[in-house]
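Reading the structure
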Amino acid sequence: MTNINKDFLVHATLAELFFGRRDGVVAHVFGHIYKPCDGLLNLHMVASGASGGSMNPQRWMLVVCFSLASVFGTGESVTTAETQTYTCTTFGSGVVQPFNGSAFYVHSNCPFIFTRFTHNRVKCDVTVRRGDNGLLVQVEIIINKVRTVLQNGSILVEKKSVSLPYDHTYQHIFHYGLYTRLRSSLLPLSVTWHDVPGGIDSLRVDLEQELNTDMMGLCGKHGASGNKQQLISESVLSEDTCQIRDPIFTVNQECREFFSYTLDCLQARTPFYMQLCEENIYGYELNEHIVCAFFKEIVLQCGNNSYAWNIWRYVTRCAEPTCPGDLVYVEQGAAFIPSCSNPNPRFSNQDMTSSCVCPKGEVLNDHLDGFQCVVESSCPCVFAGRSYLTGDIRSTKCQSCVCDGGRWLCSENFCPPRCLIEGQFVTTFDGKQYAVPGKCAYVALQDLDWTIKIEFSEKEASLKAVTLQLYQETFTFEHNMVKTGDEEITELHQSDHVLVFWQSSMYVQIYTSFGLKIQVQVSPEIQIYITSPKNHTGLCGNSNNDTTDDFTTSSGIIENSAQPFALSWSLGSCAVNIPNSCINTDNEIFADDKCSVLNNPAGIFAKCHGHIPPEQYHTACVQRTCNCGGNLQQCLCVSLGSYAKACRSLGVELGDWRKSTNCTLKCQKNQEFFYDIRACNRTCRSLSGRDPRCGLEDAPVEGCGCPEGTHLNQGTCTPKSECSCHHHGGTTPPGPVMFSITEHIKLRTLTCSCFVSGCRNGKVCVHCSEYLVNTAQKTCDSLSKPLGTNTTCESGCYCPHDQYEDHHGNCVSRDNCTCVYSGQVFSAGQHVKTNCKTCFCGSGQWHCKDEPCPGTCQVYGNGHYQTFDSKWYRFDGHCQYTLVEDYCADGNGSFSLRVESVPCCDEALTCSRSIILDLQGEVTLTLSDMMVTKRLKKAWTLQEDPLYTTHTSFLLAFHGC
């Protein structure tokens, strides 16, 4: 594509950031209204493409909407400011540079408060203590009562040693070039240090914004002058065994020579820093860590354009640090080394530091030990903990993937989509998951010539029956039973349009002449799995690879939630009576305990975790088991079986999971249990001719059946010699069996309880005994509802012939029938816009037209995500994550949006998110802590050709921890 202009727009509840095109045209405002969910945070992104005029044939737009609610807010308006970092450092044997930029020397082995403050009700306390060798031997960092101690080269969090990277709800600790950094999630603060043998030779505290709070400690307060002696006396934590000594300095030639090369940088400040150098080095002349740490800090302050930058190590004889493996040392390089896992890490120019990096053109192979650098095209790929070399292929039954330089290139899913109905939980053909609201009868899927209906048990949220109406045939699937009409199918039924047979003791297969395939689990609970060759309607959606229209109601409009959608496909009235939470405490304890086996990373189901995330199945397991109305263990096993079946459909074998979870099944007579059994050529009937069950594209199922070498004969496994012969007339011996069919007709007499004078609003009294009327179709609402099998007549008051009761209770013609959407009534001719469609009400039905539709991605609350393709999932990691970017394989792009959770006082909750938006590598915008801050690339200003403007909107704040 050529001549592509890019628009950027960010709308925040806290601030509106408009990213205009370079031609001065500002993108239109995204017009949806979102409410903060969970009282926390919403983030919405819209990406759309549209046709333009000849001057702009292609236009791509990114819209990002933020709704931020902070528990720490105080009601003040949001401000936008340049990013400014306030830094306090201590290095060498006692040099301190407070936030105000001054410097002094402290010679002491006493513990000191380095900095202490409270910001947004979060307390921070950093204390330091030097040893007799001059190095820091203990650093204690307490943030929101979480205590981290740096001592003897170890990092202890709450008295437990941790390895890096370490991610906690409140803080992250990670390697940062040659350094180690602790970054707080609650405060705009990071602590960075450099470990050397014997202690720490440099420590730095960075504040990313000015804090309007009382601060104490050696670092003082930014902007305040601070008297040296006052800072020391107020910061020392006196102990009987420690001392504070007066600084001593004598002329030191090494210091003098070094500062002769820094005159271009320090100028008039040279004498002051020379005295600091001599105070720092006195008594520690032989300690290279103390000496070199001082020189390095001065050079870093002078910058890479100073004269001393390239020669200071030669002048001071401070050796370059050694790097492990293939890594090489650079004075200023990437803090985060490009690796096979992340070859293009997003970082700003402030993330350049002393570092060990790979040679140019190579990345770190972080999938192997030993710090090996490779070209990116040689990077291995990783899946489910296993490494694959470039060119390696991994496959499942539905997909094939090839490793290409650390990235998986995968085929489209070539398995046909399936609809699953397992208990109250439905997965549509396009993968949308929801729960039906009531224990009712529903249309699962329908077409002109066939309908699949499901009926729930009145007692619990499990299916009681499945009905397939196919042309003139009706098949009913109940617990351990299948019927066609009134005749039970014990093995196989075949007609012109359908083949129905028992695949095992648990599953019945249905194959139709037009490609519809159904698998019904009839034991221990009824569940149904449908594969359809084309688009249809019902609870299962329409199989068009678009989840946004899966909730299309029977009236033709797309609902926003599952309940009105599912109710529209119910047969008759339907009460909302399936609880969405546990209603029995004992059952809940049992369910939480037993269902956890699905998530166990070392358990029997772990082998499948890399293929199918278990979280949704775990949630369904807990809900189905804790609301079980019968045998708890059976309900549990059915739920576990659903996950095992999904894994098996991809070819992932779990082993004997039933034995591991106490879910073994007992088989009748002499049958045996198998995880992979087919009925093909396993019955006596199959010996009498070609078995129609063979040659079908079906996967083996679990259940009871006959082992190889035996054949099923009226429920018993027998050798071939004991099988009867089957023919169209029956079996021989004992001979043909004659069938007679008796048609039973049940007459139903209804009485009329109304009188003509008792009907209002133009309605008339219907006497079903005198005149049979399908009263189920006498309302506007019924015109779009699926019909039951039989005509229903109930005597009472109804609208006259050719009129229908609208949603206001009035009788109207069909053309004037009303429609309902999201609980609101619309008159004929009115329209609504929903899900990229404009829908008009007519004759009680919605008639919709497609409109250009942007894709929307959103994240809210404790890690609830919806992708641009409307897939929902849950992930609540502690790190910073890329939400969306256009830096693809070539590394070139124009924007990157990253997010990071900011926890509440209760670490189980997320109160807000830190949101970082990088635009064209020129400016980085951060929305955090009630502020929008910008960080500019060096030598670039916003005065010409602005990429964005900022506008304050409204503020939503929650108080209290």
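Each chain carries its own residue numbering, running from 1 in the direction its sequence is written. The model is predicted, so local features are restricted to residues of pLDDT at least 70 and side-chain atom pairs to those at 80 or more, both for listing and for counting; the totals for chains, interfaces and linings are taken over all residues. As a convention, hydrogens and water are excluded, and side-chain values are obtained from all of the structure's heavy atoms.

Looking at the state of the cysteines
Put simply, a disulfide is two cysteine sulfurs that come within 2.5 Å. Summed over all chains, the structure comprises 27 disulfides. The disulfide partner of Cys 292 is Cys 318, and the gap between their sulfur atoms is 2.0 Å. Here the disulfide of Cys 292 and Cys 318 is left-handed, its torsion about the S-S bond being about -95 degrees. Separated by 26 residues along the polypeptide, Cys 292 in helix α5 (residues 288–302) and Cys 318 in the loop between α6 (312–316) and β23 (328–334) bring together distant segments of the chain. A residue is classified by how much of its surface remains accessible, and Cys 318, at 3% relative accessible area, is buried. Unpaired in this structure, Cys 124 has its nearest cysteine sulfur neighbour in Cys 219, at a distance of 9.8 Å. A run of DSSP states H or I qualifies as a helix once it reaches four residues; a run of E qualifies as a strand once it reaches two. Both are numbered from the N-terminal end. Throughout this description, buried means an accessible area under 20% of the type-specific maximum (1.4 Å probe, protein chains only), exposed means over 50%, and partly exposed covers the range between.

Focus on helix α9 (residues 615–626)
Each helix should span, by expectation, one fewer than its residue count multiplied by 1.5 Å. Taking 1.5 Å per residue, twelve residues should reach 16 Å; α9 reaches 17 Å between its end C-alpha atoms and fits that length. Counted residue by residue, α9 has nine buried out of twelve residues, so it is predominantly covered. Listed as buried for α9 are Tyr 617, His 618, Ala 620, Cys 621, Val 622, Gln 623, Arg 624, Thr 625 and Cys 626. The contact definition used throughout considers only heavy atoms, calling two residues in contact when any of these lie within 4.5 Å. Along its buried surface, α9 packs onto β32 (418–422), β33 (425–427), β45 (527–531), α8 (585–595) and α10 (632–649).

With respect to unusual backbone geometry
Each neighbour pair has its own omega, and for Leu 164 with Pro 165 the value is -5 degrees, a cis peptide bond. Inspection of the secondary structure puts Pro 165 in the loop between β15 (160–161) and β16 (166–167). Between Ser 523 and the following residue, Pro 524, the backbone shows a cis peptide bond with an omega angle of -5 degrees. Looking at the element boundaries, Pro 524 is found in the loop between β44 (517–521) and β45.

Brief notes about the pattern of salt bridges
A side-chain nitrogen of Lys or Arg and a carboxyl oxygen of Asp or Glu constitute a salt bridge if their distance falls within 4 Å. Scanning the model with the defined rule gives 14 salt bridges in all. For Glu 455, the salt bridge is made with Lys 464, and the minimal N-O distance between the two is 3.2 Å. Its relative accessible area of 33% is what places Glu 455 among the partly exposed residues. Its relative accessible area of 33% is what places Lys 464 among the partly exposed residues. Between Asp 691 and Arg 693 there is a salt bridge; the shortest N-O distance is 2.8 Å.

Observations concerning the sheet that holds strand β30 (residues 400–404)
Overall, antiparallel pairing links the three strands, which are arranged β29-β30-β31 in an open sheet. The strands lining the two open edges of the sheet, one partner per strand, are β29 (393–395) and β31 (407–410). Ignoring which end each strand starts from, the neighbouring axes of this sheet average 30 degrees apart. The pairing of β30 with β31 spans four bridges and is antiparallel. Opposite Asp 404, over in β31, you have Arg 407 as the bridge partner. A pair of strands is labelled paired if DSSP reports no fewer than 2 bridges between them. Between N-to-C directions, angles cover 0 to 180 degrees, with each direction set by a line fitted to C-alpha atoms, over the stretch in contact for helices.

Some remarks on α10
With 18 residues, α10 ought to run about 26 Å at 1.5 Å a step, and its terminal C-alpha atoms sit 26 Å apart, in line with that. Judged by how many residues are buried, α10 sits mostly within the fold: 14 of 18 residues are covered. Contacts described as polar in this section are N or O atom pairs within 3.5 Å, which, within protein, must combine one atom able to donate a hydrogen with one able to accept it, while residues neighboring in sequence count only if both atoms come from side chains. Between the side-chain oxygen of the N-cap and the backbone nitrogen of Gln 633 there are 2.9 Å, and the N-cap of α10 in question is Asn 631. Looking one or two places after α10, you find Gly 651, whose phi comes out positive at around 90 degrees.

Regarding the environment of Asp 351
Take Asp 351: it is sitting in the loop between β23 and β24 (352–357). The class of Asp 351 is buried, set by a relative accessible area of 16%. As a C-alpha pair, Asp 351 and Ala 334 span 17 residues in sequence and 6.6 Å in three-dimensional space. Discounting residues that sit within four places of it in the chain, Asp 351 has contacts with Tyr 176, Gly 333, Ala 334, Ala 335 and Phe 336.

Remarks on the confidence of the model for the protein
The predicted model of the protein averages 81 in pLDDT, with 83% of residues at 70 or higher. Predictor confidence is given residue by residue as pLDDT, running from a minimum of 0 to a maximum of 100. This model gives residues 734–753 a pLDDT under 50, and the stretch forms 13 contacts once residues within four places in sequence are excluded. This model gives residues 954–961 a pLDDT under 50, and the stretch forms 28 contacts once residues within four places in sequence are excluded.

As for the side chain of Asp 886
Position of Asp 886 relative to the elements: it lies in the loop between β65 (880–885) and β66 (895–903). For Asp 886, a relative accessible area of 15% gives the class buried. Only 3.0 Å separates the side chain of Asp 886 from the backbone nitrogen of Phe 895, close enough to count as a polar contact.

Here we look at the sheet that holds β33
The strand order across the open sheet formed by eight strands is β34-β33-β32-β45-β44-β43-β42-β41, and the pairing between neighbours is antiparallel. Looking at the sheet topology across the chains shown, the edges are occupied by β34 (433–435) and β41 (492–494). Within this sheet the neighbouring strands show an average axis-to-axis angle of 10 degrees, counted without direction. Across three bridges, β32 lies against β33 in antiparallel orientation. The residue of β33 that forms the bridge with Leu 420 is Thr 427. Across the sheet, α9 lies against β32, β33, β34 and β45, angled at about 155 degrees from β33, the strand it touches most.

Section: the packing of α8 against α10
Between α8 and α10, whose axes approach to 11 Å, the crossing angle comes to 40 degrees. In this structure, α8 crosses over α10, and the sense of that crossing is right-handed. Residues Asn 587, Phe 590, Lys 594 and Cys 595 of α8 lie in contact with α10, whose contacting residues are Leu 632, Gln 633 and Leu 636. Amino acids are sorted into nonpolar (Ala, Val, Leu, Ile, Met, Phe, Trp, Tyr, Cys and Pro), charged (Asp, Glu, Lys and Arg) and polar (every other residue, Gly among them). A class-by-class count of the residues in the contact of α8 with α10 yields four nonpolar, two polar and one charged. Crossing handedness follows the turn of the near helix against the far one: under a right angle anticlockwise gives a left-handed crossing, and clockwise gives a right-handed one.

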